[in-house]
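Here's the letter readout for the chains.
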Amino acid sequence: MTQWIEIGALTDIPRLGSRVVRTPGGNIAVFRTESDEVFALDDRCPHKGGPLSQGIVHNKRVTCPLHNFVIELASGQAVAPDEGCTHTHPAKVENGVVWLSVRQAAAVS
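These figures come from a predicted structure and were not determined experimentally. (Residues numbered from 1 in each chain as written. Predicted model: local features only at pLDDT ≥ 70, side-chain atom pairs only at ≥ 80, totals over all residues. Heavy atoms only, no water.)

A. A look at the overall build of the chain. For the chain, the helix and strand inventory stands at zero helices and ten strands. Mapped in sequence order, the helices and strands of the chain form the string β-β-β-β-β-β-β-β-β-β. Relative to the globule expectation of 13 Å for 109 residues, the C-alpha radius of gyration of the chain, 14 Å, shows essentially globular dimensions. Within the chain, the proportion of its 109 residues that are buried is 37%. Taking the intrachain contacts of the chain between residues at least 6 apart in sequence as the baseline, contacts between residues at least 24 apart amount to 40%. Total accessible area on the chain stands at roughly 6,500 Å², and carbon and sulfur atoms take up 48% of it. Separation of charge centres in the chain, based on 10 positive and 11 negative side chains, amounts to 3 Å. (Helix = DSSP H or I, 4+ residues; strand = E, 2+ residues; numbered from the N terminus. Rg over C-alpha atoms; globule rule 2.2 N^0.38 Å. Buried < 20%, exposed > 50% of the residue type's maximum accessible area, 1.4 Å probe, protein only. Contact = heavy atoms within 4.5 Å. Areas by Shrake-Rupley, 256 points an atom, 1.4 Å probe, with all protein chains shown as cover. Lys, Arg positive; Asp, Glu negative; His and termini not counted. Charge placed at Lys NZ, Arg CZ, Asp CG, Glu CD.)

B. Main features of the sheet that holds strand 3 (residues 26-32). In spatial order, the strands read 2-3-4-8; together these four strands make up an open sheet with antiparallel pairing. Since the sheet does not close on itself, it has two edges, and those belong to strand 2 (17-23) and strand 8 (88-89), each with one partner. Looking at chain direction, strand 4 (residues 38-42) and strand 8 are connected through two bridges and run antiparallel. In the strand pairing of strand 8, leucine 41 is matched with threonine 88. (Pairing = 2+ DSSP bridges.)

C. Highlighting the pairing of strand 9 (residues 91-94). Relative to strand 10 (residues 97-103), strand 9 is paired through four bridges, and the arrangement is antiparallel. Across the sheet, valine 93 pairs through a bridge with valine 98, a residue of strand 10. Once strand 9 ends, the chain turns through two residues before running back antiparallel as strand 10, passing asparagine 95 with a positive phi of about 55 degrees.

D. Here's a closer look at the sheet that holds strand 7 (residues 70-72). Strand order in the open sheet formed by three strands is 5-6-7, with antiparallel pairing between adjacent strands. Whereas interior strands pair on both sides, the edge strands pair on one side only; in this sheet they are strand 5 (56-58) and strand 7. When strand polarity is set aside, the average angle formed by the axes of neighbouring strands in this sheet is 25 degrees. Pairing of strand 5 with strand 6 (residues 61-63), which is carried by three bridges, proceeds in the antiparallel orientation. Of the residues in strand 6, the one forming a bridge with valine 57 is valine 62. (Axes fitted to C-alpha atoms, helices over the stretch in contact; angles between N-to-C directions.)

E. Representation of the side chain of threonine 63. With respect to the secondary-structure elements, threonine 63 resides in strand 6. On the accessibility criterion, threonine 63 (14% relative accessible area) is buried. Within polar-contact distance, the side chain of threonine 63 engages the side chain of histidine 58 at 2.6 Å. (Polar contact = N/O pair within 3.5 Å; in protein donor to acceptor, adjacent residues only side chain to side chain.)

So this is what it looks like as structure tokens:
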């Protein structure tokens, strides 16, 4: 089951920057582009697990701060010649508020 959670105001995330949302399933990096689009990825580079939230955002990509892997924000795919993929999460902006869709663990009976 998925649930939309309110992250905060779009203006709380700097342009070409990110914020980290901590979830039971791991940290999610929420990125804001120069044109105010938002994207969300697991906060782990597919190469060596570097914190993508600390990377440099450019266009619709982020460069990992550890080894300069470039990741597409929309797909989570590494840009050639790099290989790998990080999980994406649905994110949206409504009335200046950022929302993130996260999976809720199913109750076990």
